[in-house]
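Residue strings, one per chain:
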Amino acid sequence: DTAVSQTPKYLVTQMGNDKSIKCEQNLGHDTMYWYKQDSKKFLKIMFSYNNKELIINETVPNRFSPKSPDKAHLNLHINSLELGDSAVYFCASSQAGRGQGNEQYFGPGTRLTVT
Amino acid sequence: AQSVTQPDIHITVSEGASLELRCNYSYGATPYLFWYVQSPGQGLQLLLKYFSGDTLVQGIKGFEAEFKRSQSSFNLRKPSVHWSDAAEYFCAVVSTSGSARQLTFGSGTQLTVLP
C-alpha cells in the first residue's frame, strides 16, 4: 500500500538516450511534483501538476517533459540525456486548496546515472 | 522570495545526547514550515509541520520543533538521539509561484551519530 511509488528505482543509461520515469500516488491527492536532488543533496522543484494541469514549470531544459495522464500519475520523460542529468529524481504529491500549507508526500526516488 | 537556510552542513552527536538542528526562514507572512528526514538511499519522510497555533510542535520519532517568529527560526530538537537517527534533515517552507504553492528546501544537515 505504498503511497507514492516510482519506477524504476535505478536507471543507468548512456548520453543521448531517451528515458522515462513513472510516478503513481494512491493518496487521492490532486497535485503532483517532480524534484531533482543533485550530488550535494540540494532539492529543487522542477514541475508541478494540479488536476492534470501544469502549474509550476521551473527553469528546466525542454529536454524534460512531464506528462500527467490522470491525477494519480505523473511521468517524466527526458530526451537526449546529458551527463549533468545524473541525479536523484523525486516524485511527490499533495492535496492543494486546503488552506493549510502544502504537506507533500515523497516517493522513494529514482537514481539516474548517465554515462 | 521565500528561502530557507540551514547553517550547519554536518553535525555529529553521540548516541543518547540531545540534538538541535537549526533552520532560518525568510518569509513575509506566517510561514508554513516543515522538517523532513532522508535516510541513506531513501525518499523524504515528513517529521513534523507548523501551520499556526502552538509554536512547539511534536512530530514522529520523538522529534519536536519550535517556531520563533522573532528569530525567523524553526529549529528541530530531540532530547536523546538514537543511532537510527543518522540521516539528512531538510527544513522547508511553503512558497508561492504565481498561484501555485511549492516547497522551498534548505540545503540540508547531515547528522552523524557516534556509538
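Attention in this report is confined to the structure presented alongside it. (Residues numbered from 1 in each chain as written. Chains lettered and ligands numbered in written order. Predicted model: local features only at pLDDT ≥ 70, side-chain atom pairs only at ≥ 80, totals over all residues. Heavy atoms only, no water.)

Another point: the packing of aromatic side chains. By the definition in use, this model includes 16 aromatic pairs over all chains. Taking 6.3 Å as the distance between ring centres and 35 degrees as the angle between the ring planes, the aromatic pair formed by F64 of chain A and Y89 of chain A counts as tilted. Remark: Y89 of chain A occurs in strand β9 (residues 87–94) and F64 of chain A occurs in strand β7 (residues 64–70); sequence separation between them is 25 residues. Residue classification places Y89 of chain A among the buried positions, given a relative accessible area of 0%. Each ring, one from Y32 of chain B and one from F51 of chain B, has its centre 5.2 Å from the other, and the planes form 70 degrees; the classification is edge-to-face. Highlighted residues: Y32 of chain B in the loop between β4 (24–26) and β5 (33–38) and F51 of chain B in the loop between β6 (44–50) and β7 (56–58), separated in sequence by 19 residues. Grouping residues by exposure puts Y32 of chain B and F51 of chain B together as buried. Among the aromatic residues, those joined into a cluster by ring pairs are Y33, Y35, F90 and F106 of chain A together with Y32, F34, Y36, F51, F90 and F105 of chain B. (Phe/Tyr/Trp six-rings, centres within 6.5 Å; stacked < 30°, edge-to-face > 60°. Helix = DSSP H or I, 4+ residues; strand = E, 2+ residues; numbered from the N terminus. Buried < 20%, exposed > 50% of the residue type's maximum accessible area, 1.4 Å probe, protein only.)

We now examine the interface of chain B and chain A. For interface size, the figure often reported is the accessible area lost on association. Contact with chain B, which involves 23 residues of that partner, is made by 22 residues of chain A. Taken together, both faces of the contact between chain B and chain A bury some 1800 Å²; the carbon and sulfur share is 55%. Scanning the region where chain B abuts chain A turns up two salt bridges. Its salt-bridge partner being E88 of chain B, residue K41 of chain A comes within 3.8 Å of it at the nearest N-O pair. (Contact = heavy atoms within 4.5 Å. Buried area = accessible area lost by both parts, 1.4 Å probe. Salt bridge = Lys/Arg side-chain N within 4 Å of Asp/Glu carboxyl O.)

Note that every value here comes from positions in space, so none of it alone points to a role or purpose.
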